[in-house]
Protein chains: 2
Amino acid sequence: MDEFDVPESHPRYQSLLTRHRIEAGVERGITSRAGLVAQGRGEAFDYLLGEETLPSAADAARAAAAHFLLADHPVVSVNGNAAALVPDELVALADATGADLEVNLFHRTDERVAAIADVLREHGATDVKGETADARIPDLDHERGKVATDGIADADVVLVPLEDGDRAAALSELGKTEIVIDLNPLSRSAAVADVPIVDNIVRAVPNVTAHARTLTGTSEAELRAIVDAFDPDAARAAAESAIRDGQLD
Amino acid sequence: MDEFDVPESHPRYQSLLTRHRIEAGVERGITSRAGLVAQGRGEAFDYLLGEETLPSAADAARAAAAHFLLADHPVVSVNGNAAALVPDELVALADATGADLEVNLFHRTDERVAAIADVLREHGATDVKGETADARIPDLDHERGKVATDGIADADVVLVPLEDGDRAAALSELGKTEIVIDLNPLSRSAAVADVPIVDNIVRAVPNVTAHARTLTGTSEAELRAIVDAFDPDAARAAAESAIRDGQLD
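Here's a quick rundown of the structure. (Residues numbered from 1 in each chain as written. Chains lettered and ligands numbered in written order. Predicted model: local features only at pLDDT ≥ 70, side-chain atom pairs only at ≥ 80, totals over all residues. Heavy atoms only, no water.)

Our next topic: the packing of helix 2 (residues 33-48) of chain A against helix 2 (residues 33-48) of chain B. Interaxial distance between helix 2 of chain A and helix 2 of chain B falls to 6 Å at its minimum, and their mutual angle equals 50°. The orientation of helix 2 of chain A with respect to helix 2 of chain B, classified from their angle, is oblique. Considering only the axes of helix 2 of chain A and helix 2 of chain B, their crossing is right-handed. Residues Arg33(A), Leu36(A), Val37(A), Gln39(A), Gly40(A), Arg41(A), Glu43(A), Ala44(A), Phe45(A), Tyr47(A) and Leu48(A) of helix 2 of chain A form the contact with helix 2 of chain B, whose participating residues are Arg33(B), Leu36(B), Val37(B), Gln39(B), Gly40(B), Arg41(B), Glu43(B), Ala44(B), Phe45(B), Tyr47(B) and Leu48(B). Class assignment for the residues of the contact of helix 2 of chain A with helix 2 of chain B results in 12 nonpolar, four polar and six charged. (Axes fitted to C-alpha atoms, helices over the stretch in contact; angles between N-to-C directions. Helix = DSSP H or I, 4+ residues; strand = E, 2+ residues; numbered from the N terminus. Parallel < 35°, antiparallel > 145°, perpendicular 65-115°, else oblique. Left-handed = near helix turned anticlockwise from the far one by under 90°. Contact = heavy atoms within 4.5 Å. Nonpolar A, V, L, I, M, F, W, Y, C, P; charged D, E, K, R; others polar.)

Have a look at this one:
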């Protein structure tokens, strides 16, 4: 991604950088065709949200950080778009929270899993799960249900950025605390999440990490209070309102 | 595209068919990566619009048909996504209105132009322009400004589905009557259009054709009255309202 030379002062810098990273992800074989279409859907929702983090999304990022710090075994699920867009940021989140990184794909092939794991290792990850995916999520067909025994299968808190609705619902059914990053406040993934972060992944992941660093050392009672105060329905409603009343007036 | 075997009764039939056609377009080399991202943006807006033709979009399709019938030389600009999604429908529109079809690409390569022209001919087009693009739209850099001398350069009415904002603006500057199909009512393409049809191309193109057939034989005065009664700002505002108040309540 070294060839990206648009100055940071460019008004569309972030958007152009994001597009560039997705293109580079295609070159590396980690972003699929479905990933490109998903990127476009995300762009449209982000545009309608004003391309900024809503206060409700900042609250969600803080609640997510508290969940991570309370967890026995938090896992960050990584797909092709996440690895293409925020590899450094995912590694930093795992470092700040002690979470595992697991490559987990809707359109799973061993080649793509390996390529994504390589990208994460290049960006500093030391232990990437998911290349051996020997456990399964019930209710999903074979390829789509594969997860790591010592990763998502064992996790109590899972962050799934940019996840498919069926898989988000199946994880939720398993009783895991589920944190979803999704720009569509009306998506099924956002609806089933304990913590829906309705925000662009390029802003959301660093926000969760920053909150985790700030909250490190906070008492369990205080973390629990943050978690309990978060209302997922209110967060989704606030994002819907931003789409309704924000850019469109 | 023969292998698509989802029954029409499937609740997501149209959406799945559209996705299938875009995938097939990638296989044929006519849909670009940028085209896949654009498809995703369109999906998000269509979702927010309720995936149906708004009354204002139906009015816009009728005004577009009247413009076609009044024109001396109407031209339908065809890019990769348009050819992938509605090849039969574009040929039918050209037949119903006497319009020319011109392949015109933002990311132009001779190979993609030829592949798209082939698709249109396979679907019954007899005269496809754009393979020799020897005229230029001023204000656009070389590759992006190429148009056919006997096509868009000579046209008085141009339909540009799914067009980039810069190019839509440049065509408008040339004084041509511009009809745009774009699911984002706030896009620059929609803003500069004489007739913005804020609708999915798979619904919009057949709608324009149906109106053209109905209006064939109508007097010039009556066609002129239809054109004059159409208010592009009101049409865009109605689409914005649908996004605000429609699916999101």
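That was the structure; now back to the text.
On to the side chain of Glu163(B). Locating Glu163(B) in the fold gives a position in the loop between strand 6 (157-161) and helix 7 (165-173). Setting aside residues up to four positions removed in sequence, Glu163(B) forms contacts with Ala168(B), Asp182(B) and Ser189(B).

The interhelical angle for the contact between helix 1 (residues 13-28) of chain A and helix 2 of chain B, taken along N-to-C directions, is 125°, at an axis separation of 11 Å. With respect to each other, helix 1 of chain A and helix 2 of chain B are oriented oblique. Helix 2 of chain B is crossed by helix 1 of chain A, and the crossing has right-handed handedness. The segment helix 1 of chain A lies against helix 2 of chain B, with Arg19(A), Glu23(A), Val26(A) and Glu27(A) engaging Arg33(B), Val37(B) and Arg41(B). Split by residue class, the contact of helix 1 of chain A with helix 2 of chain B holds two nonpolar, no polar and five charged.

Residue and element names in this part refer to chain B. Counting buried residues in strand 7 (residues 177-181) gives five out of five residues, a clear majority hidden from the surface. Of the two faces of strand 7, both are covered, the one formed by Thr-177, Ile-179 and Ile-181 as well as the one formed by Glu-178 and Val-180. Where strand 6 meets strand 7, five bridges bridge the pair, whose relative direction is parallel. Note on strand 7: the bridge partner recorded for Leu-159 is Ile-179. (Buried < 20%, exposed > 50% of the residue type's maximum accessible area, 1.4 Å probe, protein only. Pairing = 2+ DSSP bridges.)

Here we come to the pattern of salt bridges. With the rule as written, the count across this model stands at 30 salt bridges over all chains. Of the charged contacts, one joins Glu122(B) and Arg28(B) as a salt bridge, the two residues approaching to 3.0 Å between their closest N and O atoms. Placement of the pair is Glu122(B) in helix 6 (residues 110-122) and Arg28(B) in helix 1 (residues 13-28), with a sequence separation of 94 residues. On the accessibility criterion, Glu122(B) (52% relative accessible area) is exposed. Put simply, Arg19(A), Glu43(A) and Arg41(B) are held in one network by salt bridges that share partners. (Salt bridge = Lys/Arg side-chain N within 4 Å of Asp/Glu carboxyl O.)

Residues and elements named next belong to chain B. In this model, helix 6 (13 residues) spans 18 Å end to end at C-alpha, consistent with the 18 Å of a helix rising 1.5 Å per residue. Here helix 6 has its buried residues at Arg-112, Val-113, Ala-115, Ile-116, Ala-117, Val-119 and Leu-120. Summarising the contacts, the buried residues of helix 6 are in contact with helix 1, strand 1 (74-78), helix 4 (80-85), helix 5 (87-97), strand 2 (100-103) and strand 3 (128-129). Once helix 6 ends, the next one or two residues include Gly-124, with phi positive near 105°. (Expected span 1.5 Å × (residues − 1).)

Let us look at the relation of the copies chain B and chain A. Rotating chain B by 180° and moving it 0.0 Å along the rotation axis overlays it on chain A with an RMSD of 0.0 Å. What the superposition gives is, in effect, a two-fold axis relating one chain to the other. (Least-squares fit on C-alpha atoms with pLDDT ≥ 70 in both.)

With that out of the way, let us pick up unusual backbone geometry. All names here are of chain A. Unlike most non-glycine residues, Glu-51 shows phi in positive territory, near 50°. Within the element layout of this structure, Glu-51 appears in the loop between helix 2 and helix 3 (55-70). Not every positive phi belongs to a glycine, and Leu-162 is a case in point at roughly 60°. Residue placement: Leu-162 occurs in the loop between strand 6 (157-161) and helix 7 (165-173).

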